[in-house]
Amino acid sequence: MVKLSIRRLGRALLATGATAALAVGMLTATAATSQAATQGPCDIYAAGGTPCVAAHSTTRALYGAYNGPLYQVRRASDNATRDIGLLSAGGYANAAAQDDFCAGTSCVITVIYDQSGKGNHLTQAPAGGAAGGPDNLANAFEAPVTVAGHKAYGVYVAPGTGYRNNHTNGIATGDQPEGMYAIFDGTHFNGGCCFDYGNAETNSLDTGNGHMEALYFGNNKSWGSGSGNGPWVMADLENGLFSGVNRGFNAGDPSVSNRFLTAMLKGGPNQWALRGGDARSGGLSTFYNGVRPNATGYNPMHKEGAIILGIGGDNSKWAQGTFYEGVMTSGYPSDATENAVQANITAAGYNSGSTGTGTLTPGSRISLQATTAPCCTSHYLRHNDADTKVVISAYNGSSPAIDKADATWIVRAGLADTSCVSFESANSPGQFLRHYNYQLNLNTDNGAGAFAQDATFCPTAGNSGAGTSFRSVNFATKYLRHYNYTAYIASNGGSNAWDSTNSWAADTSWLVTQPLG
């Protein structure tokens, strides 16, 4: 679209009323396989008569017998690539292989492999009608999670990031029926166009109404919306984000905010449905089930069969979000099949990689306390609400919750060097602590290399002998410092006022504490 102004299974199956037939039926992938210990979502879809024709995940196998690669990473130090596979057939991502390969440098995700055997892999999106390209590739460390207790990484889509396959095999075209689901981070979104996963144009252009059928997640209100303030699961059908039969508002589509969100879309001749639920527990809710939208061009549909992730059909790439897994099917899945898939998803055991330990382990939630006495030992590093500036403010037990949240950060592996760290705002997902003209600001990760450098800091022993200091990765003599209650990167002496030698060692030393918010 064009931007106008942006996982025992037997018991679970019985609980959803699925038939015993769903416990059989396997698809094999082209990669090496072994006897499956369990089923995956695509085994369930196949048993239901609607097999997967695309299956993408960076966290786990989507077939019980799959034992091939999940995705490929490329490291910055020498541009070498490595496929990241599974710990065992039908199991979970071997995240340790990524950690080892990318140690001391940064990595991006270059390929998300299709597990279906159809070859519908996702790679860097090219230019399109709405924006130039190629698009940025996702930083491989920005979305840490655990699945059944195993470490894994999702696909963190910052604005400007996108994946695509315009030359697919077996994806629905025209008015042919299909289904799809995706697991998203329900707390990472924006109003930009368009964080999509699904069926799109094969030429990266807007070719008209009904030429797309993709899941959308975000709070964009330009074409459609549901109840509340969003975000919503909607259908991007091209030139419209649809939440129901009407163009625009449909009250039946609720705002959703699950940390792990299951989103489902299916469409066939003059019928389509939106469903969703918590990917960690419970069943699915139906947000819409009915005829095609009552607007010109959507009945019949004109689907073209490309696959996109993180962008709109014409390469609109201003949205943000996080993707963990998703599939597309041949045929219109039954509700019973989808319910069984949801039972598989909830049994998979997705959990946040974030903890509240007050450590510099990637995924931890922390706060940073100033150590300069006597002025500032009750002060913490925080971002302003009125602007992008980063400052220090005093806190106590009665401080407002919003202020405490502003002083809470999620530690990420350094965007430019994974041996260092970056700090993502806990209450503004996708925005990072970043220096610009030496002053610290909170800015949205645009996926660019320069941003990654400016947002990466290397922990060292505290310059004052206490706590930890954080050296800028691209200015080796400058450290994160508060000066006159404002945050900078500063040298111990220099031409700028904030480079003053007076209390520099204390001002650049911080205590890593439990998160305030």
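To be clear, the structure that these remarks concern was listed above.
Residues numbered from 1 in each chain as written. Predicted model: local features only at pLDDT ≥ 70, side-chain atom pairs only at ≥ 80, totals over all residues. Heavy atoms only, no water.

Engineer: Would you take a moment to explain the overall build of the chain for this structure?
Structural biologist: Tallying secondary structure elements over the chain gives seven helices and 34 strands in all. In terms of principal-axis extent, the alpha carbons of the chain reach across some 70 × 50 × 45 Å. The burial tally for the chain puts 58% of its 517 residues in the buried class. Looking at the chain, you have 29 positive and 34 negative side-chain charges, and the mean spots of the two groups are 5 Å apart. (Helix = DSSP H or I, 4+ residues; strand = E, 2+ residues; numbered from the N terminus. Buried < 20%, exposed > 50% of the residue type's maximum accessible area, 1.4 Å probe, protein only. Lys, Arg positive; Asp, Glu negative; His and termini not counted. Charge placed at Lys NZ, Arg CZ, Asp CG, Glu CD.)

Engineer: Can you help me understand the side chain of histidine 211 in this one?
Structural biologist: Positionally, histidine 211 belongs in the loop between strand 11 (196-200) and strand 12 (213-218). In this structure the side chain of histidine 211 is engaged in a polar contact, spanning 3.0 Å, whose partner is the side chain of threonine 207. At a separation of 2.7 Å, a polar atom in the side chain of histidine 211 contacts the side chain of glutamate 304. The contacts of histidine 211, once residues within four sequence positions are left out, are Ala200, Glu201, Leu237, Glu238, His302, Lys303 and Glu304. (Polar contact = N/O pair within 3.5 Å; in protein donor to acceptor, adjacent residues only side chain to side chain. Contact = heavy atoms within 4.5 Å.)

Engineer: Just to check I follow, could you spell out the nonpolar core for this structure?
Structural biologist: One broad trend across soluble globular proteins is that nonpolar side chains are buried collectively. Counting residues in each nonpolar core, the largest one holds 79 residues, and the members touching the most others are Val73, Val155, Tyr163, Tyr181, Tyr197 and Val233. In terms of nonpolar packing, the next biggest core, distinct from the first, is built from 20 residues, Leu381, Trp409, Phe457 and Ala487 among them. (Core = buried A, V, L, I, M, F, W, Y, C linked by side-chain atoms within 4.5 Å.)

Engineer: It is not clear to me how the state of the cysteines should be interpreted in this structure. Could you clarify?
Structural biologist: Cysteine pairs can be linked by a disulfide, which is a covalent bond between their two sulfur atoms. Under the criterion given, the structure shown has five disulfides. Disulfide pairing is shown between cysteine 102 and cysteine 107; the S-S distance is 2.0 Å. Residues cysteine 102 and cysteine 107 are joined by a disulfide whose S-S torsion is about -100°; by sign, that bridge is left-handed. For the pair shown, cysteine 102 and cysteine 107 are each scored as buried. In this model cysteine 193 forms its disulfide with cysteine 194; the gap between the sulfur atoms is 2.0 Å. Around the S-S axis, the bridge from cysteine 193 to cysteine 194 shows a dihedral of about -90° and counts as left-handed. Taken as a pair, cysteine 193 and cysteine 194 share a single burial class, namely buried. Each disulfide in the chain links cysteines that, numbered along the sequence, combine into the pattern 1-2, 3-4, 5-6, 7-8, 9-10. (Disulfide = S-S within 2.5 Å.)

Engineer: I would appreciate a short explanation of the packing of aromatic side chains in the present structure.
Structural biologist: Remark: the centre distance and the inter-plane angle together describe each pair of aromatic rings, the angle taken between the planes. By the definition in use, this model includes 18 aromatic pairs. Both rings, one in phenylalanine 184 and one in phenylalanine 195, keep their centres 5.1 Å apart while their planes meet at 65°; by these two values the pair is edge-to-face. Linking phenylalanine 184 in strand 10 (residues 178-185) with phenylalanine 195 in the loop between strand 10 and strand 11, this pair joins segments that are 11 residues apart in sequence. The interplanar angle of 40° and the centroid separation of 5.0 Å between the aromatic rings of tyrosine 197 and phenylalanine 323 together place this pair among those described as tilted. You can see tyrosine 197 sitting in strand 11 and its partner phenylalanine 323 sitting in strand 21 (residues 321-329), a full 126 residues away along the chain. On the basis of relative accessibility, which here comes to 0%, the residue tyrosine 197 falls in the buried class. One aromatic cluster is present, built from ring pairs that chain together Phe184, Phe189, Phe195 and Phe217. Looking at arginine 259, its charged tip hangs above the ring of phenylalanine 260, at a distance of 4.3 Å from the centre. Over the aromatic face of tyrosine 438 sits the side chain of lysine 478, whose NZ or CZ is 4.7 Å from the ring centroid. (Phe/Tyr/Trp six-rings, centres within 6.5 Å; stacked < 30°, edge-to-face > 60°. Lys NZ or Arg CZ within 6 Å of the ring centre and 35° of its normal.)

Engineer: I keep staring at the pattern of salt bridges and nothing clicks. Help me out?
Structural biologist: Any two side chains of opposite charge can pair, so long as their charged atoms come close to each other. Using the criterion set out here, one finds 20 salt bridges in the structure. The partner of arginine 75 in a salt bridge is aspartate 78, with the nearest N and O atoms 2.8 Å apart. Looking at aspartate 78, the relative accessible area reads 44%, which means it is partly exposed. Ionic pairing is found between glutamate 178 and lysine 303, a salt bridge with its closest N-O pair at 3.9 Å. Remark: lysine 303 occurs in the loop between strand 19 (285-290) and strand 20 (306-309) and glutamate 178 occurs in strand 10; sequence separation between them is 125 residues. (Salt bridge = Lys/Arg side-chain N within 4 Å of Asp/Glu carboxyl O.)

Engineer: Looking at this structure, how should I read the sheet that holds strand 6 (residues 144-147)?
Structural biologist: Pairing between sheet strands relies on hydrogen bonds along the backbone, with the strands arranged either parallel or antiparallel. Spatially, 7-6-22 is the arrangement adopted by the three strands of the open sheet, whose pairing is antiparallel. Every interior strand has two partners, whereas the edge strands, strand 7 (150-153) and strand 22 (350-352), have only one. This sheet shows a mean twist of 40° between the axes of neighbouring strands, independent of strand direction. Bridging between strand 6 and strand 22 involves three bridges; their strand directions are antiparallel. Residue pairing in the sheet places valine 147 in a bridge with tyrosine 350 of strand 22. (Pairing = 2+ DSSP bridges. Axes fitted to C-alpha atoms, helices over the stretch in contact; angles between N-to-C directions.)

Engineer: Where do I start with the environment of isoleucine 366 in this structure?
Structural biologist: Tracing the sequence through the fold places isoleucine 366 in strand 23 (residues 365-370). Linking isoleucine 366 and threonine 513, residues 147 residues apart in sequence, is a C-alpha distance of 5.7 Å. When near neighbours in sequence (up to four residues on either side) are disregarded, isoleucine 366 contacts Gly358, Thr359, Leu360, Ala407, Thr408, Trp409, Val411, Phe423, Val512, Thr513 and Pro515.

Engineer: Even after reading the chapter, I still don't get the pairing of strand 12, so can you show me in this structure?
Structural biologist: Look at any regular strand and the pattern is simple: side chains alternate between the two faces of the sheet. Counting buried positions along strand 12 gives six out of six residues, so the element sits mostly inside the fold. Strand direction decides the pairing type here: strand 11 and strand 12, joined by four bridges, are antiparallel. Bridging across to strand 12, glycine 198 finds its partner in alanine 214. Strand direction decides the pairing type here: strand 12 and strand 14 (residues 232-236), joined by five bridges, are antiparallel. By the bridge assignment, leucine 215 is partnered in strand 14 with alanine 235.

Engineer: It is not clear to me how the environment of asparagine 219 should be interpreted in this structure. Could you clarify?
Structural biologist: Within the secondary structure layout, asparagine 219 lies in the loop between strand 12 and strand 13 (224-225). By relative accessible area, asparagine 219 is classed as partly exposed at 26%. Looking at asparagine 219, its side chain comes within polar contact range of the main-chain nitrogen of glycine 191, at 3.0 Å.

Engineer: How should the sheet that holds strand 3 (residues 81-84) be read in this particular structure?
Structural biologist: Strands sit in the order 3-2-4 across an open sheet of three strands; the sheet is antiparallel. Strands with a single pairing partner mark the edges of an open sheet, and in this sheet they are strand 3 and strand 4 (107-112). Across the sheet, the axes of successive neighbouring strands diverge by a mean angle of 30°, strand direction being ignored.

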